[in-house]
Amino acid sequence: MRAIIGTDPEEAARRLSAGQLVALPTETVYGLGGNALNATAVGNIFSAKNRPSFDPLILHQSTPDRVLAYADSVPDEAQQLAGACWPGPLTLVLPRAAAIPDLVTSGLDTVALRVPAHPLIREVLDRVDFPVAAPSANPFGYVSPVTAAHVADQLGDRIDYILDGGPCRVGLESTIVAFPRGEPTVLRKGGTAVEDIESVLGRAVAVRTVSSSRPAAPGMLVSHYSPGIALRVVDRAGERGTPDHAVVRFGGGTETRGPHDYDLSARGDLDEAARNLFTVLRQLATGGYGSATVELVPEHGLGRAINDRLRRASK
Ligand code: TXA
Ligand code: MG
């Protein structure tokens, strides 16, 4: 099988309804979608990604009401975040409803829920009467895809259809917020800045993304974003890139450098850096380099999520 790449949300919805796997564009990264209420489709998602069954999936639907129907209860602060941030790059972890197959939640008593913002996936979700389970559309442990071509490269022979919605606008996975003992807690830094969550809630939130063999968000393993070469993170890189050693800067300006010098955003823009991050990590992986030096970015806004990915990639 070789995936068909198309732009028809109607066809994507039809295939999902028939139990097939479809890659879907979201504003964060491409997802590998399947009917979350169909245990066979969910099992196929895990096997297409080589994903361990202890790592649960996010459910997607087109409106807060439609997706929150799969939570057993919704704390006030979750409701506030849903109202302020959805559709958008935020995932809420809430007590699960009984209708969801155990495989989706890896047997946890909570479920991850999200309303994505990309217009094409929203058209798909509007057309189906089930939530769509969608992990990032990459083999387990690899960098998330931000174009249809990335999906086709890595999973093209394992899925039926790729809905091409162009390059992802945000470029980083959603921020995950859970409510253990009622306390809002960030489990994964992502496309919604922690500062924005705090300003919606009017208070500081806990950030607990340090991973171990049993992390709170099981997919946040330390080495999760490894491009497969030795990667060193620094505050400022002095050297030039060579064919064997790439250098990735942030805010390096217009100075002309060689073909092995990359810049996440020459003008020092964090949103642009987020958008470019996974594409540059892929270039490091496929460019024939033995190693790379990567500059960290300022530790605020999306910079916190970017640095989190860079530090994990360097482990
Ligand atoms: O932006 C995104 O969130 C993308 C797009 C496609 O929506 N999806 C995505 O899915 O990044 P995935 O499967 O690559 O990452 C989901 C993360 C994993 O780290 C998983 O462990 C965590 O969510 N997760 C899922 N359910 C959870 C739960 N009940 N409690 C804690 N963490 C959970
Ligand atoms: Mg992922």
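Note that the structure is a prediction, hence the values are computed from the model and not measured.

Trainee: Would you mind showing me how to read the packing of helix α1 (residues 9-17) against helix α6 (residues 119-127) here?
Mentor: Helix-helix packing: each pair is described by the crossing angle between the helix axes and the interaxial distance. For the pair α1 and α6, the least separation of the axes is 9 Å and the interaxial angle reads 45 degrees. It follows that α1 is oblique to α6 by the angle criterion. In the crossing of α1 with α6, the sense of the turn from one axis to the other is right-handed. Judged by residue contacts, P9, E10, A12, A13 and L16 of α1 engage L120, E123, V124 and R127 from α6. Of the residues belonging to the contact of α1 with α6, the class tally is 6 nonpolar, no polar and 3 charged.

Trainee: Can you help me understand the packing of helix α9 (residues 270-286) against helix α10 (residues 302-313) in this one?
Mentor: At a minimum axis distance of 9 Å, the contact between α9 and α10 shows a crossing angle of 30 degrees. Between α9 and α10, the angle is such that the two are roughly parallel. Judged by the sense of rotation from one axis to the other, the crossing of α9 with α10 is left-handed. Judged by residue contacts, L270, D271, A273, A274, L277 and F278 of α9 engage L302, G303, I306, R309 and L310 from α10. Looking at the contact of α9 with α10 residue by residue, the class counts come to 8 nonpolar, 1 polar and 2 charged.

Trainee: Explanation requested: the site of ligand 1 in the structure shown.
Mentor: Near ligand 1, the surroundings consist of 28 residues, among which T28, R51, D55, H60 and S174 are the closest. Residue R51 places a side-chain N or O atom 2.8 Å away from an oxygen atom belonging to ligand 1. The set of elements that each furnish at least two residues to the shell around ligand 1 consists of β4 (58-60), β6 (110-114) and β10 (185-188). It is β6 that contributes the most residues to the shell around ligand 1, 4 residues altogether. When grouped by side-chain class, the residues that make up the shell around ligand 1 number 16 nonpolar, 7 polar and 5 charged.

Rules and cut-offs
Residues numbered from 1 in each chain as written. Chains lettered and ligands numbered in written order. Predicted model: local features only at pLDDT ≥ 70, side-chain atom pairs only at ≥ 80, totals over all residues. Heavy atoms only, no water. Axes fitted to C-alpha atoms, helices over the stretch in contact; angles between N-to-C directions. Helix = DSSP H or I, 4+ residues; strand = E, 2+ residues; numbered from the N terminus. Parallel < 35°, antiparallel > 145°, perpendicular 65-115°, else oblique. Left-handed = near helix turned anticlockwise from the far one by under 90°. Contact = heavy atoms within 4.5 Å. Nonpolar A, V, L, I, M, F, W, Y, C, P; charged D, E, K, R; others polar. Near = heavy atom within 4 Å. Polar contact = N/O pair within 3.5 Å; in protein donor to acceptor, adjacent residues only side chain to side chain.

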